[in-house]
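Take a look at the letters that make up each chain.
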Amino acid sequence: MPRPLRVAIVGAGPAGIYAADALLKSEAATEPGVSIDLFEKMPAPFGLIRYGVAPDHPRIKGIITALHQVLDKPQVRLFGNVDYPNDISLDELHSLYDAVIFSTGATADRALDIPGVDLDGSHGAADFVSWYDGHPDVPRTWPLEAEKVAVLGVGNVALDVARILAKTADELLPTEIPPNVYEGLKANKALEVHVFGRRGPAQAKFSPMELRELDHSPTIEVVVNPEDIDYDEGSIATRRANKQADMVAKTLENWAIRDIGDRPHKLFLHFFESPAEVLGEDGKVVGLRTERTELDGTGNVKGTGRFTDWDVQSVYRAVGYLSDELPKLPWDVASGTVPDEGGRVIEGGVHLRSTYVTGWIRRGPIGLIGHTKGDANETVANLLADHAQGRLHDPATPAPEAVDAFLAERGVRYTTWEGWHRLDAAEKALGEPQGRERVKIVERDGMLEASGA
């Protein structure tokens, strides 16, 4: 009797769960069926949504509800707190599964090659996000002594970082932030936050809704310089072709012409300022130097040779995420991705048999969470085509119980989907006395204990 198709997915964030969903909805799921195991290095699933989305964005975190429905399916199992390749290698995965999909995302900061980025007080945005989202593997404290702060980048991560720095701790208390983050933000001295983009309003990568949310806080005054509202032919074409870009530009225009109010924290959005150097003294950040740019007619910019030194004591680099290189897989250093064709991992021009990628590890950290669905569908379609044509490995021990036995023999303390429900209940119980939906458990051991690992 034919057995189900056995697939391992490494990474239980949105990309991995969307891949599982695509498998479940395929014809293969009906006869002889599919059997899917998700491996996640964190004790809890959901990846970017749990550890990359700002705590004051419950709307985005609501995506978890849809992901829950996938993980609730009996054909899917979760193995949390299992690290690739330290706990399980590629060869070992191939011995247990017909195919392996990597969906490990991107969690590190992309480098910014300007002088001074290594000074004390210069931070990667990804590190700060991990701190305020209660990632178990980062320090519990964060230095927040600077009264004036610079954020480099004009994407949604830059907005998140700037907003968290500008808001008061009490504004964020109703969210799921853990106690150490609340105490850290209570001590935050930032009164001015300056966000810098090297191009103009039409080229900003903000989502319109996230941008408008900046102005909803009663403690944050958003300020835009009227001189930064400028468009060339390329910019106008962008606005005509992209409704979101037009909405962003209109919001910025409205802010540029209004009077500055008296809210205690000022958040400045600067355009046409390209970071040139982080200025330091005695090893610490004392300022930021930018070069004024101007549009070149195509929507791109060129330097003018005019420089400005900004009085800031801390700099956050939000210029993009970068994936970690995966051992035993080919790697494109420039893009920080695994080379692929249609989700098939390609090494030396040849498909690495039974090995696939989806999400940011495949195409880089671009687009919104929902955009990974298209990736997952394409990858899974090609995996199933390879299966139909007999191109997959024949695993030595495909029985599901072989995975449990392997992890037990290896001494891996892993969590399960049932364990997530226990952790979820424990976090909600912590929040209930304070009238909060949940309080996130931060320490890995605490998560494992609450999960019954």
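Student: Can you explain the pairing of strand β4 (residues 99-102)? Please cite residues and give values.
Tutor: Judged by which residues are buried, β4 turns out to be covered on both faces: A99 and I101 on one side and V100 and F102 on the other are all buried. As defined by bridge partners, β4 adjoins strand β18 (residues 350-357) across three bridges and the pair is classed as parallel. Counted as the bridge partner of I101 is Y356 from β18.

Student: Run through the nonpolar core, naming residues and quoting values.
Tutor: Core analysis: the largest hydrophobic core is formed by 51 residues, its most contacted members being F128, V151, L165, L211, L267, L269 and Y316. If sequence neighbours within four positions are ignored, F128 has contacts with W142, L144, V161, I164, L165 and Y316. In this structure, A29, I49, L67 and L71 belong to the second largest nonpolar core, which totals 43 residues.

Student: Explain the pairing of strand β12 (residues 284-295) residue by residue, including any values.
Tutor: Bridging between strand β11 (residues 273-281) and β12 involves eight bridges; their strand directions are antiparallel. Each bridged residue has a counterpart across the sheet, and for S274 the counterpart in β12 is E291. Across seven bridges, β12 lies against strand β13 (residues 301-310) in antiparallel orientation. Paired with L295 across the bridge in β13 is V301. In textbook terms, the turn of a hairpin is the stretch between consecutive antiparallel strands, and for β12 and β13 this stretch comprises five residues, one of which, G297, has a positive phi near 100 degrees.

Student: Give me the lowdown on the packing of helix α1 (residues 14-24) against helix α14 (residues 372-388), citing residues and values where you can.
Tutor: For the pair α1 and α14, the least separation of the axes is 8 Å and the interaxial angle reads 50 degrees. Here α1 is positioned oblique relative to α14, judged by the angle of their axes. Here the hand of the crossing between α1 and α14 comes out right-handed. Of the residues in α14, those in contact with P14, A15, Y18, A19, A22 and L23 of α1 are T372, K373, A376, N377, V380 and L384. Among the residues forming the contact of α1 with α14, the class breakdown is nine nonpolar, two polar and one charged.

Student: Describe the environment of D133, listing the residues and the values that go with them.
Tutor: Locating D133 in the fold gives a position in the loop between α6 (125-132) and β7 (148-152). For D133 and I177, which are 44 residues apart along the polypeptide, the C-alpha to C-alpha distance reads 6.7 Å. For D133, the contacting residues outside a window of four places in its chain are R50, Y51, G52, V53, A54, P55 and K440. A distance of 3.4 Å separates a polar side-chain atom of D133 from the backbone nitrogen of V53.

About the criteria used
Residues numbered from 1 in each chain as written. Predicted model: local features only at pLDDT ≥ 70, side-chain atom pairs only at ≥ 80, totals over all residues. Heavy atoms only, no water. Buried < 20%, exposed > 50% of the residue type's maximum accessible area, 1.4 Å probe, protein only. Helix = DSSP H or I, 4+ residues; strand = E, 2+ residues; numbered from the N terminus. Pairing = 2+ DSSP bridges. Core = buried A, V, L, I, M, F, W, Y, C linked by side-chain atoms within 4.5 Å. Contact = heavy atoms within 4.5 Å. Axes fitted to C-alpha atoms, helices over the stretch in contact; angles between N-to-C directions. Parallel < 35°, antiparallel > 145°, perpendicular 65-115°, else oblique. Left-handed = near helix turned anticlockwise from the far one by under 90°. Nonpolar A, V, L, I, M, F, W, Y, C, P; charged D, E, K, R; others polar. Polar contact = N/O pair within 3.5 Å; in protein donor to acceptor, adjacent residues only side chain to side chain.

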